[in-house]
Amino acid sequence: MSSAADAVSRISQGISGVPAQVAAGRPTVWTNPARHDAHSALKQHQFGIEDVNAAAARWGRFAPLLVRLFPETARAGGIIDSDLAEVAMPLKSTLWEGRPGRLFVKMDHALPVTGCIKARGGFYEVLTHAESLAIKAGLISPGGDYGVLAGPPARQFFAERCLVVGSTGNLGFSVGVIGRALGFEVEVHMSGDAKTWKKDRLRRCGATVVEHEHDYGNAVASARRSAKVRSNCYFVDDENSIELFLGYAAAALDLKRQLAGAGITVSAAQPLVVFLPCGVGGAPGGITLGLKHLFGDAVHCIFVEPVAAPSMLVQLASGLEQSTSIYEIGLSNRTAADGLAVASASMLVARSVAQLVDAIVTVDDAELFRFAAQLHAGMSLRLEPSAAAGFAAVTPYSNSVGYAGRSPTAVVWTTGGALLPDIEFESILNRGRAIAAQPKVD
Ligand SMILES: *Cc1c(COP(=O)(O)O)cnc(C)c1O
């Protein structure tokens, strides 16, 4: 087949797998037809529970270093984790509408140091890279004290090396913060939709920001090219990175510990239902892998995407043979959720979670603002639009499954916003309040 004919057939196949409502940019609850029971999906999976445990162990090795680099993490012993907070009345009555069970927020919007979920994936990948360089150079030994990596000899060593990454903002910031703290040179390629304050903040931490007019995929491609022509340069590949994925996966162990601490049982009768905002998929995908290893079919993982950029839904619905894009079905990628403004999902993640994701919900931008304002009023959360996506999915998803006779524990994963400048946050709140004041049109 000629490549043009190939492309045409690919597009028509893509459209045939994607519900018309998704292609029309309308909010949808998509139940994953390829979902398998967790046992059979994980039996031969590329990543086992030992990989998740190994990631947690690496986080543990680095805890003494993180305390030295970021004193704000000292209280938690250098562990990068967030609180699990229960949504109480009266807010619960509007978000959970009299359903059985309990509703929690996993507050990664307030993760230490970066105020976003990328502290899990981005930090982890940079630490993995630094560990391997430092062991090879004899700066540390396996099992030794990694705290020495905060000292001058290690900084000098890292200063001769660079990190390059493409980002819509938050990944670049996380790589920038940890990379600069270790002494690396850091170059971040930012997509056109990246917010100015995110670029400014990166420059302040000493990273070089390269601005691009086009979308996230272009920023990543140009970062990849730049890394290739420079010496001693490491490319953090958001679209293909195993390290990012496993860094996120370790979060499942944190949630498990917190649920156990709160005396919450996870079972078929009391399922854990987790709502995860999805961009390229690394964060929600890694967490899903970890949670399925820990809880099997008793956990239901729901990805949430903007109606204009449902990249994972389109990829999973149209098959895993080739990478596809939301542009192919006529969607725009124009969304205020800059952290989720991604036209193509990571194929590594799509393949990893194709049989594990329970459902994907697409949500309107207006809902993101409405919930950001509501969660600020009710729980004083400081959320960026991307981070509020999970809340917008709770009611449509819950209505579609019904939870017949079961008593779920729902967890909405918030993913960024604690470090939003006041002026940015005020404008999100104002927009959210204005939307809440309007009668709902459908
Ligand atoms: C990156 C990001 C996500 C999604 O993570 P992916 O790995 O891109 O799927 C969600 N919310 C925020 C705020 C983010 O920055």
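Going by the structure above, here's the rest.
Read on for a plain summary of the structure. (Residues numbered from 1 in each chain as written. Predicted model: local features only at pLDDT ≥ 70, side-chain atom pairs only at ≥ 80, totals over all residues. Heavy atoms only, no water.)

1. Some remarks on the nonpolar core
As a reminder, the rule being used: Only buried residues count toward a nonpolar core, which is a set of Ala, Val, Leu, Ile, Met, Phe, Trp, Tyr and Cys residues joined through side-chain atoms within 4.5 Å. Residue burial is assigned from relative accessible area. The probe radius is 1.4 Å, only protein chains are included, and a residue is buried under 20% of its type maximum, exposed over 50%, and partly exposed in between. The helix and strand labels rest on DSSP assignments: H or I over at least four residues marks a helix, E over at least two residues marks a strand, and numbering proceeds from the N terminus.
Grouped together as the largest cluster of nonpolar side chains are 98 residues, with contacts concentrated most on Phe158 and Leu182. Considering every element that reaches this core, the biggest residue donor is helix α6 (residues 118-136), with eight residues. Listed in part, the 43 residues of the second largest apolar core include Ala85, Val361, Val394 and Phe425.

2. Some details on the side chain of lysine 199
Just so we agree on the cut-off: Residues are treated as being in contact if the distance between any of their heavy atoms lies within 4.5 Å.
In this structure, lysine 199 sits in helix α9 (residues 196-204). The class of lysine 199 is buried, set by a relative accessible area of 9%. Every residue in contact with lysine 199, bar those within four places of it in the chain, is listed here: Met190, Ser191, Ala194, Val209 and Glu211.

3. Regarding the site of the ligand
Formally: When we say a residue is near a molecule or strand, we mean one of its heavy atoms is within 4 Å of it. For this analysis, a polar contact is any N or O atom pair within 3.5 Å, provided that within protein one partner can donate a hydrogen and the other can accept it, and provided that sequence-adjacent residues contribute only side-chain to side-chain pairs. Accessible areas in this description were obtained via Shrake-Rupley with a 1.4 Å probe; residue shielding takes into account the shown protein chains only. As defined here, a cavity is a set of points on a 1 Å grid over the protein atoms alone where a 1.4 Å probe fits but cannot get out. A pocket is an open set with protein on both sides within 12 Å along at least five of seven lines, and residues line them when an atom is within 4 Å of a point. Should more than half of a molecule's atoms lie within 2 Å of a pocket's or cavity's grid points, that molecule is taken to sit in it. In this classification, Asp, Glu, Lys and Arg are treated as charged, Ala, Val, Leu, Ile, Met, Phe, Trp, Tyr, Cys and Pro as nonpolar, and every other residue, Gly included, as polar.
Inspection of the region around the ligand gives 16 residues, with Lys118, Asn170, Gly279, Gly281 and Thr415 positioned closest. Note that an oxygen atom of the ligand is positioned 2.7 Å from one of the backbone N or O atoms of glycine 281. Glycine 282 is positioned with one of its backbone polar atoms (N or O) 3.1 Å from an oxygen atom of the ligand. Out of a free accessible area of 380 Å², the ligand has 98% covered by protein chains. Placement of the ligand is best described as lying within the largest cavity. Considering each element in turn, the shell around the ligand owes the most residues, three residues, to helix α13 (residues 282-295). Looking at the shell around the ligand residue by residue, the classes come out as six nonpolar, eight polar and two charged.

4. So, α13
Short version of the rule: Here, expected helix span is obtained from the residue count minus one, scaled by 1.5 Å.
Across its 14 residues, α13 extends 20 Å between first and last C-alpha, which sits within 8% of the 20 Å expected from 1.5 Å per residue. Of all 14 residues making up α13, 13 are buried, and the element is well covered by its neighbours. Glycine 296, located one to two residues past α13, shows a positive phi value of around 55°.

5. Regarding the packing of aromatic side chains
How we decide: Any two rings among Phe, Tyr and Trp, with Trp reduced to its six-membered ring, count as a pair given centres within 6.5 Å; such a pair is stacked if its planes are under 30 degrees apart, edge-to-face if over 60, and tilted if neither. Counted as over-ring charges are cases with an Arg CZ or a Lys NZ within 6 Å of the ring centre that also lie within 35 degrees of the ring normal.
Considering all chains together, one arrives at nine aromatic pairs under this definition. Seen in terms of ring centroids, phenylalanine 371 and phenylalanine 391 are 6.4 Å apart; in terms of plane orientation they differ by 20°. Their pairing is stacked. In this pair, phenylalanine 371 sits in helix α16 (residues 365-379) while phenylalanine 391 sits in helix α17 (residues 389-401), placing the two residues 20 residues apart along the sequence. What makes phenylalanine 371 buried here is its relative accessible area of 8%. On the basis of relative accessibility, which here comes to 2%, the residue phenylalanine 391 falls in the buried class. Among the aromatic side chains, those forming a connected cluster through ring pairs are Phe157, Phe158 and Phe184. Between the NZ or CZ atom of arginine 99 and the centre of the ring of tryptophan 96, over which it lies, the distance is 6.0 Å.

6. Examining helix α7 (residues 152-159)
Put simply, the rule is: Taking the helix axis as origin, the arc is that swept by the directions to the C-beta atoms.
Considered for burial, the residues of α7 that qualify are Ala154, Phe157 and Phe158. Viewed along the axis of α7, the buried residues span an arc of 95°, placing them on a single side of the element. Opposite the buried face of α7, at more than 90 degrees from it, the exposed residues are Pro152 and Gln156. Each element contacted by the buried residues of α7 is listed here: α6, α8 (170-182) and β5 (185-190).

7. A few points about the sheet that holds strand β1 (residues 28-31)
Cut-off, in case you're wondering: Strand pairing is assigned whenever DSSP detects at least two bridges linking the two strands. For every element, the axis is a line fit to its C-alpha atoms; helices are fit only across the contacting stretch, and the angle between N-to-C directions ranges from 0 to 180 degrees.
Spatial ordering of the open sheet is given by β1-β10-β9-β8-β11-β3-β2, a layout of seven strands whose pairing is mixed. The outermost strands of the open sheet, each flanked by one partner alone, are β1 and β2 (84-86). Strand-to-strand twist across the sheet, computed as the mean angle between neighbouring axes with direction ignored, equals 25°. When β1 meets strand β10 (residues 359-363), the two strands line up antiparallel, connected through four bridges. The residue bridging valine 29 from the neighbouring strand is valine 361, located in β10. Strand contacts of α17: β1, β3 (102-107), β8 (272-277), β9 (299-306), β10 and β11 (409-414), with the helix running at about 135° to β8, the strand carrying the most contacts.

8. So, the state of the cysteines
The condition is simple: A pair of sulfur atoms, both from cysteines and within 2.5 Å, is called a disulfide here.
Under the defined criterion, the tally for this structure stands at one disulfide. Covalently, cysteine 162 is tied to cysteine 233 through a disulfide, its sulfur atoms 1.9 Å apart. Looking down the S-S bond of the cysteine 162 and cysteine 233 bridge, the torsion is -75°, so its handedness is left-handed. Residue cysteine 162 is located in strand β4 (residues 162-167), and its partner cysteine 233 is located in strand β7 (residues 233-236); the two are separated by 71 residues in the primary sequence. Like cysteine 233, cysteine 162 is buried. Here cysteine 278 stays unpaired: no disulfide links it, and the sulfur of cysteine 301, its closest cysteine neighbor, is 12 Å away.

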